[in-house]
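Single-letter residue listing:
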Amino acid sequence: NKNSHVITIRNGVADPSYVQANLCDTLTFTNEDAYTRTLNFGDHMNPSSYGGEDEVVIDASESETITLNQVGTFNFFDHMDNATTGSLNVLSRSE
């Protein structure tokens, strides 16, 4: 069973700021702000990738969906807005 999760960014705040999901679930980032958001994984000092994605670009009033294909805990942040942060914890199906 695959589940879908949504993180909404509104006024620079990710809601929810933490998501726990299973491998192969999908995660949709919805940008309700009036400008493009560029989400990166890791942190500002040590950016990394998640499952082959270096960044997720979300235009104003749009959404982008990724498939959760890497197990572990990962932080995300908006490269241009230090206040927009969150994390996700991806579990294997057997956990």
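Cut-offs used in this document
- Residues numbered from 1 in each chain as written.
- Predicted model: local features only at pLDDT ≥ 70, side-chain atom pairs only at ≥ 80, totals over all residues.
- Heavy atoms only, no water.
- Phe/Tyr/Trp six-rings, centres within 6.5 Å; stacked < 30°, edge-to-face > 60°.
- Helix = DSSP H or I, 4+ residues; strand = E, 2+ residues; numbered from the N terminus.
- Buried < 20%, exposed > 50% of the residue type's maximum accessible area, 1.4 Å probe, protein only.
- Core = buried A, V, L, I, M, F, W, Y, C linked by side-chain atoms within 4.5 Å.
- Salt bridge = Lys/Arg side-chain N within 4 Å of Asp/Glu carboxyl O.

### A word on the packing of aromatic side chains
Applying the stated rule across the entire model yields three aromatic pairs. Consider the rings of phenylalanine 29 and phenylalanine 76, whose centres lie 5.3 Å apart with planes at 75 degrees: the pair is edge-to-face. Taken as a pair, phenylalanine 29 in strand S4 (residues 26-31) and phenylalanine 76 in strand S9 (residues 72-78) lie far apart in primary sequence, 47 residues in all. Each member of the pair phenylalanine 29 and phenylalanine 76 is classed as buried. Taken together, a centroid distance of 5.7 Å and an interplanar angle of 45 degrees make the contact between phenylalanine 41 and tyrosine 50 tilted. Neither phenylalanine 41 nor tyrosine 50 differs from the other in exposure class; each is buried. Three or more aromatic residues joined by ring pairs make a cluster, and in this case those are Phe41, Tyr50 and Phe74.

### Let's talk about the nonpolar core
Formed by 18 residues in total, the largest nonpolar core has its most connected members in Phe29, Ile66, Leu68, Phe76 and Leu88. Among the secondary structure elements, those contributing two or more residues to this core are strand S1 (4-10), strand S3 (18-22), S4, strand S5 (37-42), strand S7 (55-58), S9 and strand S10 (81-91).

### Structural notes on the pattern of salt bridges
Counting across every chain of the model gives four salt bridges. The salt bridge involving aspartate 78 is made with arginine 37; its shortest N-O contact spans 2.7 Å. Here aspartate 78 is found in strand S9, whereas its partner arginine 37 is found in strand S5, with 41 residues between them in sequence. Judged by relative accessible area, which is 2%, aspartate 78 ranks as buried. For arginine 37, a relative accessible area of 0% translates into the label buried. A salt bridge links aspartate 81 to arginine 37, with the nearest nitrogen and oxygen atoms 3.1 Å apart. Separated by 44 residues along the polypeptide, aspartate 81 in strand S10 and arginine 37 in strand S5 bring together distant segments of the chain. A single network of salt bridges, built from pairs that share partners, joins Asp33, Arg37, Asp78 and Asp81.

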